[in-house]
Amino acid sequence: MGKYFGTDGFRGEANVNLTVEHAYKVGRYLGYYYGKNHPDGKAAVVIGKDTRRSSYMFEYSLVAGLTASGADVYLMHVTPTPSVSYIVRIDEFDCGIMISASHNPYYDNGIKIINGQGSKVEADVENEIEAYIDGEIGEIPFAEREKIGRTIDYAMGRKRYIGYLMTLATRSYKHKRIGLDCANGASSTVAKAVFEALGAKTYVINNEPDGININENCGSTHIEQLQQLVKDKQLDIGFAYD
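Since this is a predicted model, take the numbers as computed values, not measurements.

This part is about the packing of helix α1 (residues 20–35) against helix α4 (residues 123–133). As a packed pair, α1 and α4 sit with axes 9 Å apart at the nearest point and diverge in direction by 125°. Put simply, α1 runs oblique to α4. Our pair here, α1 against α4, has a crossing hand that is right-handed. Here H22, K25, V26, R28, Y29, L30 and Y33 of α1 come into contact with α4, specifically with V125, E128, I129, Y132 and I133.

In this structure, E92 sits in the loop between α3 (81–90) and β5 (95–99). Here the alpha-carbon distance between E92 and T167, two residues 75 residues apart in the chain, equals 21 Å.

Glancing now at the nonpolar core. Judged by nonpolar contacts, the single largest core of 32 residues is most densely connected at L30, I47, I97, I111 and I129. Elements that contribute at least two residues to this core include exactly α1, β3 (44–49), α2 (53–68), β4 (72–78), β5, β6 (108–114) and α4. When residues in this core are grouped by element, the largest group, six residues, is from α1. Once residues lying within four places of it in the same chain are set aside, the contact partners of I111 are F5, G9, F10, L18, A23, V26, L62, I97 and M98. Formed by 13 residues, the second largest nonpolar core is a distinct cluster that contains Y74, M76, V84 and V88.

Another aspect to go through is the pairing of β4. For β4, the tally of buried residues reaches six of seven residues, placing the bulk of the element in the interior. Traced from β3 through α2 to β4, the parallel crossover comes out right-handed. When β4 meets strand β7 (residues 151–153), the two strands line up parallel, connected through three bridges. Across the sheet, the residue bridging to Y74 is I152, located in β7.

This paragraph deals with the sheet that holds strand β10 (residues 237–240). As summarised here, the arrangement of the three strands in space is β9-β8-β10, forming an open sheet in which the pairing is parallel. Across the chains shown, the open sheet's two edge strands, defined by having one partner strand only, are β9 (201–205) and β10. Looking at each pair of strands side by side, their axes are set apart by 20° on average, direction ignored. The pairing of strand β8 (residues 177–181) with β10 spans four bridges and is parallel. Note that in β10 the partner of D181 across the bridge is A240.

Relative orientation of the contacting elements α3 and helix α5 (residues 155–168) amounts to 100°, with a least axis distance of 9 Å. Our classification of the angle between α3 and α5 gives roughly perpendicular. Residue-level inspection shows P82, S83, Y86, I87 and I90 of α3 in contact with α5, the latter providing G157, R160, Y161 and Y164. In the contact of α3 with α5, the residues fall into six nonpolar, two polar and one charged.

As a further point, take the side chain of N104. In this structure, N104 sits in the loop between β5 and β6. Here the side chain of N104 touches D108 through a polar contact of 3.5 Å, side chain to side chain. Apart from residues no more than four positions distant in its own chain, N104 is found in contact with R11, R52 and N215.

An ideal rise of 1.5 Å per residue puts 22 Å on 16 residues; α2 measures up with 24 Å between its terminal C-alpha atoms. The set of residues buried in α2 consists of S54, S55, F58, E59, S61, L62, V63, G65, L66, T67 and A68. For α2, the elements touching its buried residues are α1, β3, β4, β5, β6 and β7. Once α2 finishes, G70 follows within two positions and takes phi at roughly 100°, a positive value.

Thresholds, definitions, all that
- Along each chain, numbering runs from 1 in the same order as the chain's sequence is written.
- It should be noted that, the model being predicted, local features are given only for residues of pLDDT at least 70 and side-chain atom pairs only at 80 or more, the latter also being counted only at that level, while totals for whole chains, interfaces and linings use all residues.
- To obtain the side-chain values, all non-hydrogen atoms of the structure were used and water was disregarded.
- The convention used is that axes are lines fitted to C-alpha atoms, helices contributing only their stretch in contact, and that angles between N-to-C directions extend from 0 to 180 degrees.
- What counts as a helix is a DSSP run of H or I of at least four residues, what counts as a strand is a run of E of at least two, and both are numbered from the N terminus.
- We call two directions roughly parallel when the angle between them is under 35 degrees, roughly antiparallel when it is over 145, roughly perpendicular when it lies between 65 and 115, and oblique otherwise.
- Crossing handedness is defined as follows: a turn of the near helix away from the far one that is anticlockwise and smaller than a right angle gives a left-handed crossing, while the clockwise case is right-handed.
- The criterion used for residue contact is that any of the two residues' heavy atoms lie within 4.5 Å.
- The nonpolar core is taken to be a set of buried Ala, Val, Leu, Ile, Met, Phe, Trp, Tyr and Cys residues, with the residues joined through side-chain atoms within 4.5 Å.
- Three exposure classes are used, based on accessible area relative to the maximum for each residue type with a 1.4 Å probe and protein chains only: buried under 20%, partly exposed in between, and exposed over 50%.
- We call a crossover right-handed when, viewed with the strands running away from us, the connection from the first strand over the helix to the second turns clockwise.
- Strands pair, by our definition, only if DSSP identifies at least two bridges between them.
- Note that Gly is not counted as nonpolar here; it falls among the polar residues with everything else outside the nonpolar set of Ala, Val, Leu, Ile, Met, Phe, Trp, Tyr, Cys and Pro and the charged set of Asp, Glu, Lys and Arg.
- Contacts described as polar in this section are N or O atom pairs within 3.5 Å, which, within protein, must combine one atom able to donate a hydrogen with one able to accept it, while residues neighboring in sequence count only if both atoms come from side chains.
- Helix span, as expected, comes to 1.5 Å for every residue beyond the first.

Have a look at this one:
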């Protein structure tokens, strides 16, 4: 593991040991690094985020860094981490970024970098980013004029991921009664739509994120609410997310 990047990306408490300056520099270096592989210098990067209050702040910082380095940035908005991996690979982006700290409290956050194959980015790329953050690499050029990057709304990427999940089902869920605990996180944008499209009757809890209630006594680390829902409603099964 490196100084900033661990086994699951760059994590820390928002604006304590993971700051907007860190996010900006991550964006700056990624835009530069992947832009070198294109004749026009323009990388294409897709970003998703979870529902933490700080996720919006880090998204904007990453976008500023990426576009300043000439990258075009496609925003999937609030979406689960696997959706970014899927879209990076299917739509042939240079890389993807997911802003999330999974099951951690709302005040933590993380930056996960995903390579063009939809997997965790290579360690040598993370090492180069760390060196840039610490000033061990000289300043990289800013894009100018028409080479400055832009942002593109890419909510359709999340919808495509929902469609993909539907194709994975081997049978109909018709007449099945299913409980879903969305942990007030990113699954609140996907889970209900998928199960209902497959014919299930869904009973959903903790799907009203407000930026600070993610994982708060709910989701995969606190399944008591879901257990009670399944018993009270006599459901067939329940699923808890983080």
